[in-house]
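If you want the building blocks of each chain, they are given just below.
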Amino acid sequence: MSFATPEHSAPTTLAEYWDKYRPGRQRPAAHRFDWTGLADGGPGAEILGEPKTALDLGPAEGENAAFLARSGVEVTAVDFSAVQVDRAREFWNDLPNLEFVHAEACGFLDQDDRPFHAIYSTWGAVWFTDPDELFPRIARRLAPGGVFAFSHREPGPDQYGPQQMGGAWLEGREDELTMLRWQYTAGQWSDVLKRHGFSNVRARVLPSPERGALGTLLITARVAACGGAS
Ligand SMILES: C[S@@+](CC[C@H](N)C(=O)[O-])C[C@H]1O[C@@H](n2cnc3c(N)ncnc32)[C@H](O)[C@@H]1O
C-alpha cells in the first residue's frame, strides 16, 4: 500500500501538502510518548496526568496516540491529511481504543461535542492553526480539571506570531501554497491562552541535543473552573 502522493504532483491544499509528510515509513515502535520527535528521553505522557480520554490534534503517523491507547486511554486522533489518516489506521488497527478521524481540527471540535480529559498536539495542528480560532474550541471540549498541552519548535529570535513557512511547494513556484505556523515565546503563549480562558499555564524549553539547534517549546494549561466542557 502506498501512502504518499507522487513527488511531482503539486499539492493544491494544505491538507494535500501534509499528505506528502514522511512517505514510505514503517510502523513506529511507540514505546514512549515523545514531545520533541527526537526520542531524547525528555518528558513523556506524565505531562497529561492520568486521562481516561484524550484528543490528539494532528497525529500524522499516530505514534503518541498509539502509546497512550496501549496505556489504556481512549484516544481520538484528528488529522486533515487523508494519506496520514489512512496510514495511521493501517498501522494501529490492533488498538480498539484508538480512533483516527479525517477532519480539520476546528471543524472536528465544532461537530463533536465529547469532552476530553486531555487535548494535546505534538508539533501538530496547534502549531499550524490560528489560536484565536482553535483555542476557544479546545477550551469548550476540555473536561474540568483536564489538561491542554502542545509542543512546537522553539521560535528563533523575532520569529513570533504567524510565520510563513518555506520549502518545497511553499515558495518559488507559481502554484505555491501559503502555510502559516503560529509560534510565540512562553510569555506570549501564556497571554494568548489566558485570553481564551485557560489558567495554570506552564512552559518549558526542551533543549535540542544538537549543538546550536533550536529546542522544543512545551506548553501546558488548564481551563478555569467554569470554562470547559462538563
Ligand atoms: C509536523 S506533523 C506532526 C505529526 C505528529 N504529531 C508528530 O509529532 O510527529 C503535523 C500534522 O498536523 C496535521 N495538521 C496540520 N494542521 C491541521 C489542522 N488544521 N487540522 C488537522 N490536522 C492538521 C498535518 O496533517 C500533519 O499530519
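Here, every reference points to the structure presented above.
Residues numbered from 1 in each chain as written. Predicted model: local features only at pLDDT ≥ 70, side-chain atom pairs only at ≥ 80, totals over all residues. Heavy atoms only, no water.

1. Considerations on the environment of Thr-53
- Turning to its location among the elements, Thr-53 is positioned in strand E1 (residues 53-57).
- Measuring from C-alpha to C-alpha, the distance between Thr-53 and Gly-156 comes to 34 Å, with 103 residues separating the pair along the chain.
- Those residues in contact with Thr-53, other than ones at most four positions away along the chain, are Val-73, Glu-74, Pro-115, Phe-116, His-117 and Ala-118.
- For Thr-53, the side chain forms a polar contact with the side chain of His-117, separated by 3.0 Å. (Helix = DSSP H or I, 4+ residues; strand = E, 2+ residues; numbered from the N terminus. Contact = heavy atoms within 4.5 Å. Polar contact = N/O pair within 3.5 Å; in protein donor to acceptor, adjacent residues only side chain to side chain.)

2. Examining helix H5 (residues 131-141)
- Along H5, the residues that are buried comprise Pro-131, Leu-134, Phe-135, Arg-137, Ile-138, Ala-139 and Arg-141.
- Among the residues of H5, the N-terminal cap falls to Asp-130, whose side-chain oxygen and the backbone nitrogen of Asp-132 are separated by 2.9 Å. (Buried < 20%, exposed > 50% of the residue type's maximum accessible area, 1.4 Å probe, protein only.)

3. A short note on the site of the ligand
- Surrounding the ligand, one finds 19 residues, the nearest of these being Gly-58, Asp-79, Glu-104, Ala-105 and Thr-122.
- Asp-79 places a polar side-chain atom, nitrogen or oxygen, 2.6 Å from an oxygen atom of the ligand.
- One of the side-chain nitrogen or oxygen atoms of Glu-104 is found 2.8 Å away from a nitrogen atom of the ligand. (Near = heavy atom within 4 Å.)

4. As for the packing of H5 against helix H6 (residues 186-195)
- At their nearest, the axes of H5 and H6 sit 9 Å apart, and the two run at 55° to each other. The pairing of H5 with H6 is recorded here as oblique in orientation. Taken as a pair, H5 and H6 cross one another with a handedness that is right-handed. When H5 is examined against H6, the residues Pro-131, Asp-132 and Phe-135 are found in contact with a partner set consisting of Trp-189, Val-192, Leu-193 and Arg-195.
- A breakdown of the residues in the contact of H5 with H6 according to their chemical character gives 5 nonpolar, no polar and 2 charged. (Axes fitted to C-alpha atoms, helices over the stretch in contact; angles between N-to-C directions. Parallel < 35°, antiparallel > 145°, perpendicular 65-115°, else oblique. Left-handed = near helix turned anticlockwise from the far one by under 90°. Nonpolar A, V, L, I, M, F, W, Y, C, P; charged D, E, K, R; others polar.)

5. A word on helix H2 (residues 63-70)
- What H2 keeps buried is the set Asn-64, Ala-65, Ala-66, Leu-68 and Ala-69.
- The secondary structure elements touched by the buried residues of H2 are E1, strand E2 (74-79), strand E3 (98-102) and strand E4 (116-122).
- Downstream of H2 by one or two residues, Gly-72 has phi in the positive range, about 105°.

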